[in-house]
Amino acid sequence: LEKMYVTSDCATILKELEVEHPAAKLLQMASQKQEEECGDGTNLVVTFAGELLRQSKQLMAMGLHVSEVIAGYQVAADKLFEFLPELVVKTTTKDTLHEVVAPVLGAKQYGTHEQLAPLVVEAGLCVMQNGKISPSAVRVVKLLGSNVGESQMIPGYVALRGVETLETSAEKCKIAVFACGIEASSTEAKGTVLMKTADDLKNYNRSEERKMEEIIQGIAESGVKVVVSGGTVSEMAMHFIDRYKLICLKLGSKWELRRLCQSTGATALVRLGPPTPDEMGFAEEVKQVTIGSRVLTMFVNPNETKLATLLLRASTLSVLQDLERAVDDGVHALQQACRDGRCVPGAGSAEFQLSKKILEIADLSPGLDQYSIRSFCKALEIVPRTLAETAGLDAPKTMADLNCSTLENPGIDLESGGVGSSNVLDLLNTKTTAFRLAIDAALTVLRIDQIIMSKRAGGPKQ
């Protein structure tokens, strides 16, 4: 299909891979579940689960039975969930939400988080209701060209097309949304009209015009300034819409119509005629703007709206798509922060501290469990180790520096190129869910005795 993805998002990579092995499929499913629930932490799920399985292989080579490995892992996991809340360093508020969103965006597109994080937080606060944020209420519109710094947040709906009429802007306007086309209705059954003279033909056309003018006049007299159609708009209807100085916009997609209704509070009508006050929508401003070479129509409602739109700008399509995924993850992080705002230190600090604490439990364990508990601690260290390797640092030296550090929350500082006090925050809820899914996936694989795979239908590949 010649698809090309340029991304560092683990969930996207796994989604596009064709995974055949059932054990690997379990890790893929765990990552997808993490993406659905939290939007972030998918890489942690796959990396930690994979490292647990690698450590398990070494333990079995030493002579430990699978049941002993599982028992040790379960003891370590119980302690991990016991110690993790003790590492909480901060609880986010509305004023500090950007501190949670910035690391999520930076993990996907480093360098853009400083511009995008304030926009994502602003969009989230715009659609927040009763202290909750719905990810579906934040919409993304991608516009090719310019750079990320030109991105903006619009409190309302943005249509990717211009208006059809001469009037292009209105303020404090009522909106009528029609799910059907604005045209003369046709009969269900075929009919025959007998015309004997030229006057009959003239009167027939006039009656059609008169009927259409009555409809448009009724809509205009009801106070409506903007008409949105989900179907075609006839030339005759457009003539009368221009005559009464209304704005007309055509939207071909029913999903776009639904979003517009959500933003303005309108009801999509299936009949032509003036809407009732309850069926009308409202917008502070409706305007047609040109950004780059694209003509857009904006329905701006800053005071009260249930939909926010992020206009993303970037120079290439692949960057735009990656930014869209990053924004989606950022909105999910906002949703989690509204549920539980407790944060633990990031940059590998939380995993390293957990490893040290659980290692003390291994020293006190008398049985064979101690070996698997130690391996569990080694698996936790994969996070700071991987961060050091991908940053181009000397991983063994960095891990040794972490062990010797006297800082309160030591982590990998990518900017200074060594160990420093972690200023990165990770949500406790996201981290807990990721660990739980990773441990469950690894233990499920270890409990499997035998895998029986059926052959693919269609015969052997050529």
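Calculation notes
Residues numbered from 1 in each chain as written. Predicted model: local features only at pLDDT ≥ 70, side-chain atom pairs only at ≥ 80, totals over all residues. Heavy atoms only, no water. Helix = DSSP H or I, 4+ residues; strand = E, 2+ residues; numbered from the N terminus. Rg over C-alpha atoms; globule rule 2.2 N^0.38 Å. Buried < 20%, exposed > 50% of the residue type's maximum accessible area, 1.4 Å probe, protein only. Contact = heavy atoms within 4.5 Å. Areas by Shrake-Rupley, 256 points an atom, 1.4 Å probe, with all protein chains shown as cover. Lys, Arg positive; Asp, Glu negative; His and termini not counted. Charge placed at Lys NZ, Arg CZ, Asp CG, Glu CD. Patch = residues over 30% accessible without salt bridge, like charges linked within 9 Å, V, L, I, M, F, W, Y side chains within 5 Å. Salt bridge = Lys/Arg side-chain N within 4 Å of Asp/Glu carboxyl O. Phe/Tyr/Trp six-rings, centres within 6.5 Å; stacked < 30°, edge-to-face > 60°. Lys NZ or Arg CZ within 6 Å of the ring centre and 35° of its normal. Pairing = 2+ DSSP bridges. Axes fitted to C-alpha atoms, helices over the stretch in contact; angles between N-to-C directions. 1 Å grid on protein atoms, 1.4 Å probe; cavity = no way out; pocket = protein on both sides within 12 Å on 5 of 7 lines; lining within 4 Å. Points joined across faces, edges and corners; volume = space filled by probe spheres on them. Nonpolar A, V, L, I, M, F, W, Y, C, P; charged D, E, K, R; others polar. Core = buried A, V, L, I, M, F, W, Y, C linked by side-chain atoms within 4.5 Å.

Draft legend 1. View of the overall build of the chain. Helix and strand counts for the chain stand at 15 helices and 15 strands. A compact globule built from 462 residues should have a C-alpha radius of gyration of about 23 Å, whereas the chain, at 30 Å, is more than 25% larger. Each principal axis of the C-alpha atoms in the chain carries an extent, and together these give about 105 × 55 × 35 Å. Looking at the chain as a whole, 47% of its 462 residues are labelled buried. A separation threshold of at least 6 residues defines the contact pool for the chain, and within that pool the share at least 24 residues apart is 76%. For the chain, the exposed surface amounts to about 24200 Å²; the carbon and sulfur share of it is 51%. Charged side chains in the chain number 49 positive and 58 negative. The centres of these two groups are separated by 5 Å.

Draft legend 2. Representation of a nonpolar patch on the surface. A cluster of nonpolar side chains, contributed by Met-62, Leu-368 and Tyr-371, occupies part of the molecular surface with about 300 Å² of accessible area. Within the secondary structure, Tyr-371 sits in helix H12 (residues 369–380).

Draft legend 3. How the structure looks around the packing of aromatic side chains. For the structure on display, the rule yields four aromatic pairs. Relative to Phe-376, the ring of Phe-48 has its centre 5.6 Å away and its plane inclined at 90°; by these criteria the two rings are edge-to-face. Here Phe-48, found in helix H3 (residues 42–62), pairs with Phe-376, found in helix H12; they are 328 residues apart in sequence, far enough to count as distant. With a relative accessible area of 1%, Phe-48 lands in the buried category. On the basis of relative accessibility, which here comes to 0%, the residue Phe-376 falls in the buried class. For the pair Tyr-157 and Phe-299, a centre-to-centre distance of 6.1 Å together with 55° between the ring planes defines the contact as tilted. Placement of Tyr-157 in strand S4 (residues 156–159) and of Phe-299 in strand S10 (residues 294–300) is noted, with a sequence separation of 142 residues between them. Phe-299 shares its class with Tyr-157; the two are buried. Grouped by ring-pair contacts, the aromatic residues Phe-48, Tyr-73, Phe-376 and Phe-435 constitute a single cluster. One residue, Arg-436, lies across the ring of Phe-81, its end atom 4.4 Å from the ring centre.

Draft legend 4. Representation of the pattern of salt bridges. If you walk through the whole model with that rule in mind, you get twelve salt bridges. In this structure, Glu-51 and Arg-54 form a salt bridge, with 3.0 Å as the shortest nitrogen-oxygen distance. Linking Glu-51 with Arg-54, this pair stays in helix H3, spanning three residues, or about one helical turn. Exposure remark for Glu-51: the relative accessible area of 9% places this residue in the buried category. Judged by its relative accessible area of 45%, Arg-54 is partly exposed. Of the charged contacts in the structure, one is a salt bridge between Lys-431 and Asp-426, with a shortest N-O distance of 2.9 Å. Classification of Lys-431 by relative accessible area gives buried; the value is 8%. One network of salt bridges, in which partners are shared, links Arg-139, Glu-256 and Arg-259.

Draft legend 5. View of the environment of Pro-135. Of note, Pro-135 is situated in the loop between helix H6 (113–126) and strand S2 (138–144). Taking C-alpha positions, Pro-135 is 21 Å from Ala-30, a pair spaced 105 residues apart along the chain.

Draft legend 6. Geometry of the pairing of strand S13 (residues 410–413). In the sheet, S13 pairs with strand S14 (residues 418–421) via four bridges, with the strands oriented antiparallel. In the sheet register, Gly-411 faces S14, and the bridge partner there is Gly-420. Counting the residues that bridge the hairpin from S13 to S14 gives four residues, and of these Gly-417 lies at a positive phi of roughly 75°.

Draft legend 7. Quick look at the sheet that holds S2. With mixed pairing, the three strands of this open sheet are ordered in space as S2-S11-S3. Strands with a single pairing partner mark the edges of an open sheet, and in this sheet they are S2 and strand S3 (152–154). Averaged over all pairs of adjacent strands, the angle between their axes in this sheet comes to 25°, without regard to strand direction. As paired strands, S2 and strand S11 (residues 308–314) are joined by seven bridges and run parallel to one another. Residue pairing across strands places Val-138 opposite Ala-308, the latter belonging to S11.

Draft legend 8. How the structure looks around the sheet that holds strand S12 (residues 342–345). An order of S1-S12-S15 is seen for the three strands of this open sheet, with the pairing classed as antiparallel. If you trace the sheet from one side to the other, it starts and ends with strand S1 (90–91) and strand S15 (425–427), each paired once. Pairing of S12 with S15 involves three bridges; the strand directions are antiparallel. Residue Val-344 lies in a different strand from S15, and its bridge partner there is Asp-426.

Draft legend 9. Up close: the layout of surface pockets. Estimates place the volume of the largest pocket at around 1800 Å³. Lining the largest pocket are 50 residues, and of these Pro-103, Ala-107, Ala-347, Leu-387 and Val-424 lie nearest its centre. Contributing elements (two or more residues each) for the lining of the largest pocket: H3, helix H5 (98–108), H6, helix H13 (382–390), S13, S14, S15 and helix H15 (428–447). In terms of residue class, the lining of the largest pocket is built from 21 nonpolar, 19 polar and ten charged.

Draft legend 10. How the structure looks around the nonpolar core. In terms of nonpolar packing, the biggest core is built from 40 residues, with Phe-48, Ile-358 and Phe-376 touching the most fellow members. If you list the elements that add at least two residues to this core, you get helix H2 (22–37), H3, helix H4 (66–83), helix H11 (349–364), H12, H13 and H15. When residues in this core are grouped by element, the largest group, ten residues, is from H15. Within the second largest apolar cluster, 34 residues are counted, among which are Val-104, Leu-119, Ala-137 and Leu-310.

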